[in-house]
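# Structural characterization, general
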Amino acid sequence: MTSVVVVGSGAAGLAAALSARESGAEVTVVEATPTIGGTTALSSGAAWLPDNHLPLAAEDSPQRARTYLSALGRSDEYGHGQGFGHGQGFGHGHGFGAADTAMSDRFVDEAPRVAEWLEMKTPLRWATLPVPDCHSTLPGGYGAGRSLEPRPFRAPPRVAALVRAALPWRSRATLTELLTGKAAPDLVEQRRQAGTHTAGQALVAALLTAAVDAGVTIRTHARATRFLGTGVAVDGTLLAGRVVLATGGFERDEVLVRRFLGGPIAGLTGAPGARGDGLRMAVAAGATLHNTGQAWWCPTIRIPGDAIDDEPVHRILLAERARPGAVLVDCDGHRFTNEARSYHEVGRSLHPTEPSWLIVDAAHRRRYAIGPVRPTDPDPDWLQRACTLPELARLIDVPGDALAKTITRFNWAAAAGEDPDFDRGTNPYDGVMGDPGAVHPTLGPLYAPPFYAVPVRPGLGGTSGGPRTDPDGRVLRDNGTAVPGLYAAGNVASGPFGSAYPGTGATIGQALVFGAQAGRAAAGD
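The paragraphs below set out a description of the structure included in this document. Each chain has its residues counted from 1, running along the sequence as written. pLDDT decides what is reported in this predicted model: residues at 70 or higher carry local features, side-chain atom pairs at 80 or more are listed and counted, and totals for whole chains, interfaces and linings draw on all residues regardless. In computing side-chain values, all of the structure's heavy atoms are included and hydrogens and water are not.

### Considering the overall build of the protein chain
The helix and strand labels rest on DSSP assignments: H or I over at least four residues marks a helix, E over at least two residues marks a strand, and numbering proceeds from the N terminus. Scanning the protein chain from terminus to terminus reveals 16 helices and 23 strands. Here the C-alpha atoms of the protein chain give a radius of gyration of 22 Å, agreeing with the 24 Å that 2.2 N^0.38 yields for 525 residues. Taken over the C-alpha atoms alone, the protein chain extends approximately 70 × 50 × 45 Å along its principal axes. Relative accessible area decides the class of each residue, using a 1.4 Å probe on protein chains only: under 20% of the type maximum gives buried, over 50% gives exposed, and in between gives partly exposed. Counting across all 525 residues of the protein chain, residues that qualify as buried make up 60%. Any two residues having at least one pair of non-hydrogen atoms within 4.5 Å are treated as being in contact. Of the contacts formed within the protein chain by residues at least 6 apart in sequence, a portion of 76% connects residues at least 24 apart. Note on areas: Shrake-Rupley with a 1.4 Å probe; residue coverage comes only from the protein chains shown. Approximately 19500 Å² of the protein chain is accessible, and the part contributed by carbon and sulfur atoms is 52%. Values of the radius of gyration come from C-alpha atoms, whereas the globule rule sets the reference at 2.2 Å times the count of residues to the power 0.38.

This is the structure we're talking about:
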């Protein structure tokens, strides 16, 4: 019987393990940390899977998805793949973010099969997110239907004990409940008491339950450090078999970040285990690298005391920036982006070294949460406050005249429901990120004092470049031949989208698809 060793236990690793096991292999998953799930368990669990079998995707098709990805690659924002727009310095590396047509074609072909296969073979049940593609107005774009999320799931105790804990501040609400404001406190509390998982934890718990039931061996506290051709060295001992790298990215390794991303990166949001182990193993085996200057970018804020496994962690700045009465300005006091577009695009636009600032007025503060601070909570020390914009400018060391001009121009247009500078609110995705109960979901002037400011820095949920693979996950050398016995999927590998982010859950969607391909190939080659 063929043996397959999967290194890493996020979405890609667990999909690879299930696929390899279904294909008849004896499978072992090795995870360096004490728990299973990696950054996937900390995420929303959303997966962008076009042409899936759920009803809202009934009008989708492979050709429509290909048209969209092609249009996204040709768009002004992504067509040249030069990384960051406003903030120059990150986003450069091998390949400069070029998409891989063969990989994206395979992704489109396999996404519906993998979405349905996971429901058939695991306790995972999908729900459609009420979110359109990030650029749904492009040819081939789609409204709500392509982005899925796991329904709440209660794992058996033996599995639940292995799943990485969620972020301490994340409630047991689904992403849909959070976006629509329908996270009923009583239901959320019932889930907590019952041990019911949501979001990324639910995805990991469902896949892990199926893997354990199928006979996959799970080893935690087991760090793989070297590919040996006939297997992998795990804590100095050979574990024989074909090897699937699913270790996640390299964002927690300062040397690799400086080399490939021009770092350091201030706003890390993922699991501390992403130390580049898989990348190093692939390089030592002779792999060619691609897209190593790319990542799943996001704007982040730092809340004092926030940590994961005693490592500092930032929070993604999500809906706050998209709601009425809020703008982002750079260190010179100027707006530089459509604040309501996807976190990936906003993260790419941030200056790599100087903080940007989220500016809101009192009306916004009284109506919406800012990070963990609810409207009725007292102002924390990290939230800068001033009675006037000039005073606020002095507090955050931003030119007062420039900030005043920026806010005046924004207010004049926002009062009319317009944004001539960045078209905020004109894309259907923008409205979902905003407040559907407001006069305009995402535009509103900043009139009411006091005014508030929060420093915002570029961050990432994971890197998205690494060894180039073929569509079945085989790791490739410079000459195009495969490294025998070595496969890769997920954030450790170069993915299909280059520098683009097509829709909510693109990270996990491609991880599930190519994890399944890699596991099947490893078992069958």
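### Some words on the sheet that holds strand E5 (residues 147-150)
Here we have three strands laid out as an open sheet, ordered E3-E5-E4, and antiparallel in their pairing. In this open sheet, the two strands that pair with only one neighbour each are strand E3 (47-48) and strand E4 (126-128). Between any two strands, pairing holds if DSSP finds at least two bridges. Pairing of E3 with E5, which is carried by two bridges, proceeds in the antiparallel orientation. Each bridged residue has a counterpart across the sheet, and for Ala47 the counterpart in E5 is Leu148.

### A word on the sheet that holds strand E7 (residues 224-227)
If you walk across this open sheet you meet the three strands as E7-E8-E9, and the pairing is antiparallel. Unpaired on one side and paired on the other, E7 and strand E9 (237-240) mark the two borders of the sheet. Direction aside, neighbouring strands of the sheet carry axes that sit 35° apart on average. Looking at chain direction, E7 and strand E8 (residues 231-234) are connected through three bridges and run antiparallel. Across the sheet, Ala224 pairs through a bridge with Val234, a residue of E8. Fitted lines through C-alpha atoms give the axes, limited to the stretch in contact for helices. The angle between two N-to-C directions lies from 0 to 180 degrees. Strand contacts of helix H10 (residues 277-284): E7 and E8, with the helix running at about 15° to E7, the strand carrying the most contacts.

### Focus: the nonpolar core
Among the nonpolar cores identified, the biggest contains 76 residues, and Val6, Trp126 and Leu512 are the most heavily contacted of them. Residue contributions to this core peak at eleven residues, all from helix H16 (residues 506-524). Only buried Ala, Val, Leu, Ile, Met, Phe, Trp, Tyr and Cys residues count toward a nonpolar core, and they belong to the same one when joined by side-chain atoms within 4.5 Å. If you look at the next biggest cluster of nonpolar residues, it comprises 20 residues, including Val5, Val232, Val243 and Val475.

### A look at the packing of helix H3 (residues 62-74) against helix H4 (residues 101-121)
Where H3 contacts H4, the axes come no closer than 9 Å and their chain directions differ by 145°. Judged by the sense of rotation from one axis to the other, the crossing of H3 with H4 is right-handed. Touching Pro62, Ala65, Arg66 and Leu69 of H3 are Ser104, Asp105, Val108 and Asp109, all from H4. Just so you know the grouping, Ala, Val, Leu, Ile, Met, Phe, Trp, Tyr, Cys and Pro go in nonpolar, Asp, Glu, Lys and Arg go in charged, and all remaining residues, Gly too, go in polar. When its residues are assigned to classes, the contact of H3 with H4 shows four nonpolar, one polar and three charged. In this scheme the handedness of a crossing depends on how the near helix is turned from the far one: anticlockwise by less than a right angle means left-handed, clockwise means right-handed.

### Points about the pattern of salt bridges
Basic side-chain nitrogens of Lys or Arg form a salt bridge, by our definition, when they fall within 4 Å of a carboxyl oxygen of Asp or Glu. Inspection of the entire model under this criterion finds 26 salt bridges. Between Asp435 and Arg367 there is a salt bridge; the shortest N-O distance is 3.2 Å. Pair noted here: Asp435 is in the loop between helix H15 (428-433) and strand E20 (451-463) and Arg367 is in helix H12 (residues 362-367), with a separation of 68 residues, a long-range link. A salt bridge links Arg474 to Asp525; the shortest N-O distance between them is 2.9 Å. Here Arg474 is found in strand E22 (residues 474-476), whereas its partner Asp525 is found in the segment after H16, with 51 residues between them in sequence. The class for Asp525 is partly exposed, based on a relative accessible area of 39%. If you follow the salt bridges from partner to partner, you end up with Arg106, Asp470, Asp472, Arg474 and Asp525 in one network.

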